[in-house]
Amino acid sequence: MAEVKYKVKKGDQVQVMAGKDSGKTGRILKIQRDTGRVIVEGLNMVKKAQKPKSQGEKGSIIELEAPLNISNVQVLCKKCGPTRIGIKVDGDSKVRICKKCGESL
Ligand SMILES: [Zn+2]
């Protein structure tokens, strides 16, 4: 059965709830549904060595966003801050709402 496992969407503003970037906020760039992880813009940065493109060129170190466990991020509600997402059925469509205040997200 196709169950909606993750309610977050690409582009959501989220707050990190655990780890080295705990408390920081950012926008979801990518959701990896198969592993249950998300890439959040500017968060959980890791340094990676990039191979030189051609011979004689030096490799460089670049910073990349490492995936965060989806359970460690919470969507930000404009009123309450980090919150859980609820689903409200409105006619034929489903609306994502803040579980604390009921405001649509
Ligand atoms: Zn709220």
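Below: a short report on this structure.

How each quantity is defined
- Residues numbered from 1 in each chain as written.
- Predicted model: local features only at pLDDT ≥ 70, side-chain atom pairs only at ≥ 80, totals over all residues.
- Heavy atoms only, no water.
- Pairing = 2+ DSSP bridges.
- Helix = DSSP H or I, 4+ residues; strand = E, 2+ residues; numbered from the N terminus.
- 1 Å grid on protein atoms, 1.4 Å probe; cavity = no way out; pocket = protein on both sides within 12 Å on 5 of 7 lines; lining within 4 Å.
- Points joined across faces, edges and corners; volume = space filled by probe spheres on them.
- Nonpolar A, V, L, I, M, F, W, Y, C, P; charged D, E, K, R; others polar.
- Donors = N, O, S within 2.8 Å, 3.2 Å for Na, K, Ca; no water.
- Tetrahedral: all angles 85-135°; square planar, octahedral: opposite > 155°, others 65-115°.
- Buried < 20%, exposed > 50% of the residue type's maximum accessible area, 1.4 Å probe, protein only.

The subject of this paragraph is the sheet that holds strand β2 (residues 25-32). With antiparallel pairing, the six strands of this open sheet are ordered in space as β6-β3-β2-β1-β7-β8. Bordering the open sheet on either side are β6 (68-69) and β8 (81-83), each of which pairs with just one other strand. With three bridges connecting them, strand β7 (residues 73-77) and β8 associate as antiparallel partners. What sits directly across from L76, in β8, is P82.

Another aspect to go through is the layout of surface pockets. Taken as a whole, the largest pocket spans an internal volume of roughly 330 Å³. The wall of the largest pocket is formed by 14 residues, among which V8, I70, V73, R84 and I85 lie closest to the centre. Here the residues of the lining of the largest pocket sort into seven nonpolar, three polar and four charged. Considering only enclosed or pocket space, the second largest pocket measures out at about 160 Å³ in volume. If you trace the second largest pocket, you find it lined by D12, Q13, V75, L76, C77, K78, K79, R96, E103, S104 and L105. Among the elements that line the lining of the second largest pocket, the one with the most residues is β7, at three residues. Residue composition of the lining of the second largest pocket, by class: four nonpolar, two polar and five charged.

For the zinc ion, the full set of protein donor atoms is C77 (SG), C80 (SG), C98 (SG) and C101 (SG), and the range of their distances to it is 2.2 to 2.3 Å. Every donor counted, the four donor atoms about the zinc ion form angles of 105 to 112° at the centre, which fits tetrahedral coordination. If you list the donors of the zinc ion from N- to C-terminus, the spacing comes out as C-x2-C-x17-C-x2-C. Of this pair, C80 sits in the loop between β7 and β8 while C101 sits in the segment after β10 (93-98), and the two are 21 residues apart along the sequence. Residue classification places C80 among the partly exposed residues on the basis of a relative accessible area of 28%.

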